[in-house]
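# Commentary on secondary and tertiary structure
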Amino acid sequence: MSAAPAETPVLTRNPETRTMLNVPWNVVVWDDPVNLMSYVVYVFRSYFGYSDAKARTLMLEVHHKGRSIVASGTLEEAETHVSALHGYGLWATYERADHS
Amino acid sequence: MAHGFKKTRKGIVGRFEAPEVQLLQKLFSDVAETLEPQARPDEDPLAAMVGIDQDASEPTDPALKRLLPGASTDPERAEEFRRLTDRSLREAKIGALKASSFALESDPVTLTVEQAQDFARSLNDIRLVLATRLDITTSEDAERVGEQVDFAAVEDIHDYMAVVYNFVSWLQESLMNALLKTL
């Protein structure tokens, strides 16, 4: 058996996106009144491997400021993180780091 | 009455009364059903297999919209992301909900860390759905609903949902405390 490349989704990206691959992207988590603080801290610690202190700081930033940048990286990394965070039920988006 | 989850040497353990198991299983299956992708006769089976849904669009049901949120404030980017991830996200959530429902079959319920993570996601998804039905959009709303913890005081469906929401919140909190101890 041979394996087809698993990269098909990349073909659907528009050229504009491809040229921006080197621009760092931010992963943003937004506040909502439902997710438990303990749950958000656990997700930040277990998924990102953050320390308890860092996870709590980010969680409180989400809670008090409405949003927090929880990770940065390439477009692919940001997409992977957002996808994982949606799996956890967190409200996450990604945006270019120079997003105004 | 349930005792909540605790971390033990055998894993993360919870004990439940039969009506609590039935309630949770009903909630897990209701949310799984809500997430079930609509099969279409003209669907490209190959695209479906790799998790692409060319027609995936933002759900109109507010509960579903919260379970499958937009990934970007740029609508075009959000739509593209949704086409690539909607199906696999639905399937992952349904998988966790079904596994969690199955885990409730044993007494006491004993979970590995991985199973407990699935259980936590599933409880969270239940709460997201109940919260939209209860119109919880601000922390004041959450506080108001949070006061309703007495089954004996239930007068209508809204009260009932609020009490259920608080029960699931309490259960998830106990599970998160147990999981945090495993880190």
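Residues numbered from 1 in each chain as written. Chains lettered and ligands numbered in written order. Predicted model: local features only at pLDDT ≥ 70, side-chain atom pairs only at ≥ 80, totals over all residues. Heavy atoms only, no water.

All right, on to the overall build of chain B then. Regarding its fold elements, chain B presents 7 helices and 3 strands. Secondary structure elements of chain B occur, N-terminal to C-terminal, as β-β-α-α-α-α-β-α-α-α. Projected onto the principal axes, the alpha-carbon positions of chain B cover approximately 50 × 40 × 30 Å. For chain B, the proportion of its 183 residues judged to be buried stands at 50%. Within chain B, contacts between residues separated by at least 24 positions form 69% of all contacts whose residues are at least 6 apart in sequence. (Helix = DSSP H or I, 4+ residues; strand = E, 2+ residues; numbered from the N terminus. Buried < 20%, exposed > 50% of the residue type's maximum accessible area, 1.4 Å probe, protein only. Contact = heavy atoms within 4.5 Å.)

Scanning all chains against the criterion turns up 12 aromatic pairs over all chains. A centroid spacing of 4.8 Å and a plane angle of 70 degrees characterise the contact between Y47 of chain A and F48 of chain A, whose relative ring orientation is edge-to-face. The exposure class of Y47 of chain A is partly exposed, given its relative accessible area of 26%. A relative accessible area of 16% means that F48 of chain A is categorised as buried. Cluster of aromatic residues (ring-pair linked, three or more members): F44, Y47, F48, Y50 and Y88 of chain A. In this arrangement the basic side chain of K54 of chain A is found over the ring face of Y50 of chain A, its NZ or CZ atom lying 4.2 Å from the centre. Here the basic side chain of R121 of chain B rests over the ring of Y88 of chain A, its NZ or CZ set 4.2 Å away from the ring centre. (Phe/Tyr/Trp six-rings, centres within 6.5 Å; stacked < 30°, edge-to-face > 60°. Lys NZ or Arg CZ within 6 Å of the ring centre and 35° of its normal.)

Next up on the list: the confidence of the model for chain B. Overall, the prediction assigns chain B a mean pLDDT of 92, with 94% of residues at 70 or greater. Interface confidence in the predicted complex, given as ipTM, is 0.91; pTM for the same model is 0.88. (pLDDT = per-residue confidence, 0-100.)

What follows is about the pattern of salt bridges. Residues and elements named next belong to chain A. Inspection of every chain in the model, using the stated rule, returns 15 salt bridges over all chains. One salt bridge in this structure joins R56 and D52, with 3.1 Å as the shortest N-O distance. Of this pair, R56 and D52 both sit in helix α4 (residues 52-65), 4 residues apart, which is roughly one turn of that helix. Residue classification places R56 among the partly exposed residues on the basis of a relative accessible area of 37%. (Salt bridge = Lys/Arg side-chain N within 4 Å of Asp/Glu carboxyl O.)

Residue and element names in this part refer to chain B. Reading across the sheet, the 3 strands line up as β1-β2-β3 and stay open at both edges, with antiparallel pairing between neighbours. Unpaired on one side and paired on the other, β1 (5-8) and β3 (109-111) mark the two borders of the sheet. Sheet twist, expressed as the average angle between the axes of neighbouring strands with direction ignored, equals 30 degrees. When β1 meets strand β2 (residues 11-14), the two strands line up antiparallel, connected through 4 bridges. Paired with T8 across the two strands is G11, which belongs to β2. (Pairing = 2+ DSSP bridges. Axes fitted to C-alpha atoms, helices over the stretch in contact; angles between N-to-C directions.)

A separate point is the sheet that holds strand β2 (residues 67-73) of chain A. All names here are of chain A. On the basis of which strands lie adjacent, the open sheet formed by 3 strands has the order β2-β1-β3 and antiparallel pairing. The open sheet terminates on both sides in strands that have one partner only, identified here as β2 and β3 (92-96). Taking each pair of neighbouring strands and ignoring which way they run, the sheet shows an average axis angle of 30 degrees. Inspection of the sheet shows strand β1 (residues 25-30) paired to β2 by 6 bridges, in the antiparallel sense. Paired with V27 across the bridge in β2 is A71. Against the sheet, α4 touches β1 and β2, its axis set at about 135 degrees to β2. On the sheet, helix α5 (residues 75-87) packs against β1, β2 and β3 and is oriented at approximately 165 degrees with respect to β3.

Once that is clear, we can look at the packing of helix α3 (residues 37-48) of chain A against α5 of chain A. Residue and element names in this part refer to chain A. Here α3 crosses α5 at 135 degrees, and the two axes come no closer than 12 Å. On the basis of the axis angle, α3 is oblique to α5. When you trace α3 past α5, the crossing you get is right-handed. On α5, the residues that touch V43, Y47 and F48 of α3 are T80, H81, A84 and L85. (Parallel < 35°, antiparallel > 145°, perpendicular 65-115°, else oblique. Left-handed = near helix turned anticlockwise from the far one by under 90°.)

There is a patch of nonpolar side chains on the surface, built from F151, I157 and Y160 of chain B and spanning about 320 Å² of accessible area. As for its position among the elements, Y160 of chain B is in helix α7 (residues 157-180). (Patch = residues over 30% accessible without salt bridge, like charges linked within 9 Å, V, L, I, M, F, W, Y side chains within 5 Å. Areas by Shrake-Rupley, 256 points an atom, 1.4 Å probe, with all protein chains shown as cover.)

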